[in-house]
Amino acid sequence: QVQLVESGGGLVQPGGSLRLSCAAFGAIFSINDMGWYRQAPGKERELVASISSGGSTKYADSVKGRFTISRDNAKNLVYLQMNSLKPEDTAVYYCNADIHAGSVNYINYWGKGTLVTVSS
């Protein structure tokens, strides 16, 4: 059974930095796109950043220049480096990945989320 487990969330002051990590566990053959989403209270879940298996990246306009997504394909890990954090970045951050783990097709998986709070 495949699981995505996030870590690295917490409380940080405005202007500070955090690094989120997400590890994929299970009998995994390959992982296609990986990404980070976030959901703030009272708002819909939104894409923050994504990265393909080849390393191509996409970012939400609100985080461009501040956040960096990266991955370690050998270890089935994806990271989100968040710099110059703002109070509006406060949200639960979710890891997402398209994983081939024994079934015919890639299946989309979600982690349980990690809370990031930006406040003084």
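The structure under discussion appears in the preceding block.
Below is a summary of the structure that appears in this document. (Residues numbered from 1 in each chain as written. Predicted model: local features only at pLDDT ≥ 70, side-chain atom pairs only at ≥ 80, totals over all residues. Heavy atoms only, no water.)

So, the environment of glutamine 13
Part 1 of the argument: By secondary structure assignment, the location of glutamine 13 is in the loop between strand S2 (10-12) and strand S3 (18-25).
Part 2 of the argument: Separated by 57 residues in sequence, glutamine 13 and serine 70 place their C-alpha atoms 23 Å apart.
Part 3 of the argument: Each residue touching glutamine 13, except ones within four places of it in the same chain, is listed here: Val118 and Ser119. (Helix = DSSP H or I, 4+ residues; strand = E, 2+ residues; numbered from the N terminus. Contact = heavy atoms within 4.5 Å.)

Focus: the environment of alanine 24
Part 1 of the argument: Along the polypeptide, alanine 24 turns up in strand S3.
Part 2 of the argument: A residue is classified by how much of its surface remains accessible, and alanine 24, at 8% relative accessible area, is buried.
Part 3 of the argument: Each residue touching alanine 24, except ones within four places of it in the same chain, is listed here: Gln3, Leu4, Ile31, Asn76 and Ile99. (Buried < 20%, exposed > 50% of the residue type's maximum accessible area, 1.4 Å probe, protein only.)

Some thoughts on the packing of aromatic side chains
Part 1 of the argument: As enumerated under the stated definition, the model contains two aromatic pairs in all.
Part 2 of the argument: Seen in terms of ring centroids, tyrosine 37 and tryptophan 110 are 4.9 Å apart; in terms of plane orientation they differ by 65°. Their pairing is edge-to-face. Highlighted residues: tyrosine 37 in strand S4 (residues 30-39) and tryptophan 110 in strand S10 (residues 107-110), separated in sequence by 73 residues.
Part 3 of the argument: Using a relative accessible area of 23% as the deciding quantity, one classes tyrosine 37 as partly exposed.
Part 4 of the argument: We classify tryptophan 110 as partly exposed; its relative accessible area is 38%.
Part 5 of the argument: Here the aromatic rings of tyrosine 94 and tryptophan 110 are separated by 6.5 Å at their centres, their planes lie at 85°, and the arrangement is edge-to-face. You can see tyrosine 94 sitting in strand S9 (residues 91-100) and its partner tryptophan 110 sitting in strand S10, a full 16 residues away along the chain.
Part 6 of the argument: Three or more aromatic residues joined by ring pairs make a cluster, and in this case those are Tyr37, Tyr94 and Trp110.
Part 7 of the argument: Sitting over the ring of tyrosine 79, arginine 19 keeps its end group 3.9 Å from the ring centre. (Phe/Tyr/Trp six-rings, centres within 6.5 Å; stacked < 30°, edge-to-face > 60°. Lys NZ or Arg CZ within 6 Å of the ring centre and 35° of its normal.)

Some remarks on the state of the cysteines
Part 1 of the argument: By the definition in use, this model includes one disulfide.
Part 2 of the argument: Disulfide partner of cysteine 22: cysteine 95, at an S-S distance of 2.1 Å. Its torsion about the S-S bond being -85°, the disulfide of cysteine 22 and cysteine 95 is classed as left-handed. Of this pair, cysteine 22 sits in strand S3 while cysteine 95 sits in strand S9, placing them 73 residues apart in sequence.
Part 3 of the argument: Using a relative accessible area of 0% as the deciding quantity, one classes cysteine 95 as buried. (Disulfide = S-S within 2.5 Å.)

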